[in-house]
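Notes for the structure review
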Amino acid sequence: GADRGKGQCDGTYKYKTIFHCKKDCGVFAPFSRVRPVVPSSLSPSVPQAAPPAEPDHLTIGDRVTFFLDDHSGHGMVMDLEEKDGNQFVHISTDTDENGKRGGEVQVPLGCVIKGEVLSADSEHMDTDTSSMDPTVDTHPMGLGVSSLVEVTLASGNSYGAIRWIGSLPGREETMAGLELVDGIGVSDGTFKRERFFSCPPGRALFVKLLSCRPDSRFQNASANHSETTPKNEAAETAHGGTGKLETVAPISMEQVNQVLIGRMKGIQGHCNSCYMDAALFSLFSCSSVLDSILFKSTEPRDAPIQQTLLHDIVNPLRSKGFVEGRQIMKLRQQLQKHGYSHSFTTEEKDPEEFLTVIMHHILALEPLLKLSAGGKVQESYCYQIFLDQNHSLVLPTVQQLLEHSFHSAGLKLAEVPSCLILQMPRFGKKFKMFDKIIPSLELDITDLLSEGPQQCVMCGHLAHEECTDCFKDPVFSQTGFKLFCRTCSSQVHSHPQRRSHQPTTLETPLLGRGVPHVLARDKLELFAVLCIETSHYVSFIKPGPKSQDWFFFDSMADREGERDGFNIPQVQPCPEVGVYLEMSPVELANQVPRDMKGVAKRLFCDAYMYLYQSTSMCLYR
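Since the model is a prediction, treat every value here as computed from it, not as a measurement.

1. A short note on the overall build of the protein chain
Counting secondary structure elements, the protein chain contains 13 helices and 35 strands. Going through the 621 residues of the protein chain one by one, you find that 49% of them count as buried. Of the contacts made within the protein chain by residues no fewer than 6 positions apart, 63% connect residues no fewer than 24 positions apart. About 30,600 Å² of surface is accessible on the protein chain, with carbon and sulfur atoms providing 51% of the total.

2. Let's talk about the nonpolar core
Core analysis: the largest hydrophobic core is formed by 54 residues, its most contacted members being Leu-280, Leu-335 and Phe-354. With sequence-adjacent residues up to four places away left out, Leu-335 is seen in contact with Met-276, Ile-305, Tyr-340, Phe-344, Phe-354, Val-357, Ile-358 and Ile-362. Membership of the second largest hydrophobic core comes to 51 residues, among which are Leu-371, Leu-393, Val-416 and Ile-437.

3. A look at the pattern of salt bridges
With the rule as written, the count across this model stands at 18 salt bridges. For the salt bridge of Asp-302 with Arg-301, the shortest nitrogen-to-oxygen distance reads 3.6 Å. Exposure remark for Arg-301: the relative accessible area of 51% places this residue in the exposed category. One network of salt bridges, in which partners are shared, links Arg-163, Glu-179, Arg-203 and Glu-560.

4. A look at empty space enclosed by the protein
Evaluated as defined, the whole model comprises three cavities of 30 Å³ or more. Estimates place the volume of the largest cavity at around 70 Å³. Around the largest cavity sit 13 residues that line it, and Lys-432, Phe-434, Ile-437, Cys-605 and Ala-607 are the ones nearest its centre. When grouped by side-chain class, the residues that make up the lining of the largest cavity number eight nonpolar, no polar and five charged. Size it by volume and the second largest cavity reaches roughly 50 Å³. Lining of the second largest cavity is provided by Leu-280, Leu-283, Phe-284, Leu-290, Ile-293, Leu-309, Phe-354, Leu-355, Ile-358 and Met-359. Secondary-structure elements contributing two or more residues to the lining of the second largest cavity are helix H4 (274-284) and helix H8 (351-362). Sort the elements by how many residues they give to the lining of the second largest cavity and H8 lands first, with four residues. Considered class by class, the residues forming the lining of the second largest cavity number ten nonpolar, no polar and no charged.

5. Concerning the confidence of the model for the protein chain
Residues at a pLDDT of 70 or more form 79% of the protein chain, whose mean pLDDT is 78. Here residues 38-56 scores under 50 on pLDDT; set against residues more than four positions off or in separate chains, the count is 31 contacts. Scored below 50 in pLDDT, residues 117-136 makes 58 contacts in the model with residues more than four places away or belonging to other chains.

6. Description of the side chain of Asn-567
Positionally, Asn-567 belongs in strand E34 (residues 566-573). Within the structure, the side chain of Asn-567 is placed 2.9 Å from the backbone oxygen of Gly-269, a separation counted as a polar contact. Among the polar contacts made by the side chain of Asn-567, one reaches the side chain of Arg-559 at a distance of 3.2 Å. If we ignore the near neighbours within four places in the chain, the residues touching Asn-567 are Met-264, Gln-268, Gly-269, His-270, Ser-555, Met-556, Asp-558 and Arg-559.

7. Quick notes on H8
Its twelve residues give H8 an end-to-end C-alpha distance of 15 Å, which sits within 8% of 16 Å, the value for a rise of 1.5 Å per residue. Among the residues of H8, those classed as buried are Pro-351, Glu-352, Phe-354, Leu-355, Val-357, Ile-358, Met-359 and Ile-362. Note on H8: the residue one or two positions beyond its end, Ala-364, has a positive phi of about 50 degrees.

8. Points about the packing of helix H6 (residues 303-320) against helix H7 (residues 325-337)
At a closest axis distance of 10 Å, the pairing of H6 and H7 adopts a crossing angle of 170 degrees. Taken together, the axes of H6 and H7 lie roughly antiparallel to each other. Between H6 and H7, the contacting residues are Pro-304, Ile-305, Thr-308, Leu-309, Asp-312 and Ile-313 on the first element and Gln-327, Ile-328, Lys-330, Leu-331, Gln-334 and Leu-335 on the second.

9. Focus: the sheet that holds strand E29 (residues 483-484)
Pairing is antiparallel across the open sheet formed by three strands, whose spatial order is E29-E28-E30. The open sheet has two edge strands, E29 and strand E30 (504-505), and neither has a second partner. In this sheet, E30 lies alongside strand E28 (residues 465-466) in antiparallel orientation, the contact comprising two bridges. In the sheet register, Glu-465 faces E30, and the bridge partner there is Thr-505.

10. Overview of the environment of Cys-605
Secondary-structure assignment places Cys-605 in helix H13 (residues 600-605). Cys-605 sits in the buried class, given a relative accessible area of 5%. Spatially, the C-alpha atom of Cys-605 lies 9.2 Å from that of Glu-533, the residues being 72 residues apart in sequence. Residues in contact with Cys-605, not counting those within four places in the same chain, are Lys-432, Asp-435, Lys-436 and Pro-593.

11. Brief notes about the packing of aromatic side chains
All told, the structure shown has 13 aromatic pairs when counted by the stated rule. When the centroid spacing of 5.8 Å and the interplanar angle of 75 degrees are considered together, the rings of Trp-164 and Phe-206 count as edge-to-face. In this pair, Trp-164 is assigned in strand E11 (residues 156-166) and Phe-206 in strand E15 (residues 204-208), connecting sequence segments 42 residues apart. Among the aromatic side chains, those forming a connected cluster through ring pairs are Trp-164, Phe-191, Phe-196, Phe-197 and Phe-206.

12. Some details on the side chain of His-493
As for its placement among the helices and strands, His-493 is situated in the loop between helix H10 (486-492) and E30. By relative accessible area, which is 12% here, His-493 ends up buried. Within the local environment of His-493, its side chain forms a polar contact with the backbone oxygen of Ser-489, the two atoms lying 2.9 Å apart. Leaving out residues up to four positions away in the same chain, His-493 has contacts with Cys-467, Cys-470, Phe-484, Arg-498, Arg-499, His-501 and Pro-503.

13. Regarding the pairing of strand E32 (residues 536-541)
The buried fraction of E32 amounts to six of the six residues, a majority that puts the element mostly inside the structure. Across the two faces of E32 the burial is the same, with His-536, Val-538 and Phe-540 and Tyr-537, Ser-539 and Ile-541 all buried. Pairing between strand E31 (residues 523-533) and E32: six bridges, direction antiparallel. Residue pairing in the sheet places Val-529 in a bridge with Phe-540 of E32. Connecting E31 to the antiparallel partner E32 that follows it, the hairpin turn spans two residues, and Thr-534 within it adopts a positive phi of roughly 50 degrees. Pairing of E32 with strand E33 (residues 551-560) involves three bridges; the strand directions are antiparallel. Each residue of the ladder has a partner; that of Ile-541, found in E33, is Phe-551.

Thresholds applied
- Residues numbered from 1 in each chain as written.
- Predicted model: local features only at pLDDT ≥ 70, side-chain atom pairs only at ≥ 80, totals over all residues.
- Heavy atoms only, no water.
- Helix = DSSP H or I, 4+ residues; strand = E, 2+ residues; numbered from the N terminus.
- Buried < 20%, exposed > 50% of the residue type's maximum accessible area, 1.4 Å probe, protein only.
- Contact = heavy atoms within 4.5 Å.
- Areas by Shrake-Rupley, 256 points an atom, 1.4 Å probe, with all protein chains shown as cover.
- Core = buried A, V, L, I, M, F, W, Y, C linked by side-chain atoms within 4.5 Å.
- Salt bridge = Lys/Arg side-chain N within 4 Å of Asp/Glu carboxyl O.
- 1 Å grid on protein atoms, 1.4 Å probe; cavity = no way out; pocket = protein on both sides within 12 Å on 5 of 7 lines; lining within 4 Å.
- Points joined across faces, edges and corners; volume = space filled by probe spheres on them.
- Nonpolar A, V, L, I, M, F, W, Y, C, P; charged D, E, K, R; others polar.
- pLDDT = per-residue confidence, 0-100.
- Polar contact = N/O pair within 3.5 Å; in protein donor to acceptor, adjacent residues only side chain to side chain.
- Expected span 1.5 Å × (residues − 1).
- Axes fitted to C-alpha atoms, helices over the stretch in contact; angles between N-to-C directions.
- Parallel < 35°, antiparallel > 145°, perpendicular 65-115°, else oblique.
- Pairing = 2+ DSSP bridges.
- Phe/Tyr/Trp six-rings, centres within 6.5 Å; stacked < 30°, edge-to-face > 60°.

As structure tokens, then:
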């Protein structure tokens, strides 16, 4: 073939004949690095009936190579099924027939190979062309071809991927050929005019294999974290057949930098999964407000979904700071099997659709929100903010949006919610009602409750009346319902412009004498925000009380490779958000979105869903 004469021997190793071949046609390599090359001419032109085989060899989430007609492709297993005695594999492909990502095919089991196999027309192969000693071609930490590594050079640490391992002329040590990401290499994969692998010019560097170490940027957790959180590791090992129900606490503010920050952190995106990645990361990384759904009793048919959510997603996210994309695909496949949607594994959904399926249809969680309207109670899991056409808001806060929505719809909260999920007012995903929305770090819902003592906005005493006509009066504060004690109500409505107002009487509880002037306020705290831009969801979390305690997550922040590559999720601190929150409304309104620092623009301009929690009520729900 074309590679004849590119070997290093005739089948002899250390003067011992291992096999026979022509001169310079033999090469020794570790078996673990040998991959079959299947010529395209050998792939069946028409898919044939698969021979009897056990589908257990493949599992949901496996990376595979499949052969159809005259081409091959790569993808991820979504399902295994039997039709008319033949086994078929449903595959989420890296590219569809048009060369775009996100396709889906059904292939006979006999046309599928586990792992990624190179076709005969591949551009290059990461194989060795120099003689090497199979007994020493190992690394104590298991590094091999395609491992992401770092090395220390005179200029500092450099990062890259191992593209070749073997022996170089004149060197006894096992060497590694690296493709560096920072472009400080010395060649394009050649050494002394002999090619060992291919990469862009100035990116290749040959070093001792033992000089390489795993890329610290992609490590799951630091040694310090493993020392301070032994329960997390115990939880990870417990899910291996012990049957014990282990829990991992949410990541605290003190642990975020150790566990969660960096590339290859968070939840890895794959095939339009960003809506699910952002929602799960927001809900479970640093908050336990909805942990009850992970442990509540459920129907036997729904138990696998709950187990996947707990053991394969939430626990790894909290203990290691990283969840592989195949685990999310596994969850999506389980949801699709339940029949709620035939496109859960391929198409993008809305976060609220996914959350409703999980909380209501699958795990039967009690509705998070109970609304009172006209004496009747309505239940929901999320609340979509609607505004009337006569609103005067220009640069609103979330507090103002919620109050205006409740006011126009005549709603009240029947009780304090443990978790409040608010959808921002938009005209679809692409059209926003406001250029910017100011995050409210706390939501004061005291005035929104249908029961309980209320406070007069004028004097602070117990309120007895509410005036909806005064709500938009510019004389009063821009936030809060307009509640008055009898004395203040009489004075306010004696003004000629307010004599036509019709205050309503509140149901005032009997508190007796000695009622304090300042009543306790019911407040919810912000812990996450989902944002959308050009149909791509990302999220912000706020695990700490300081203004700079903001972190940004993108499940598809970067990508390694193209057809056969993978997405790189990333979590990064974004303290710049705190700077903008401290600005006055006028200053913030004058900020040009494209000139805002860091990722702050995405929070203020692209907010889709706000997540709030009650630190007291979540203990009982």
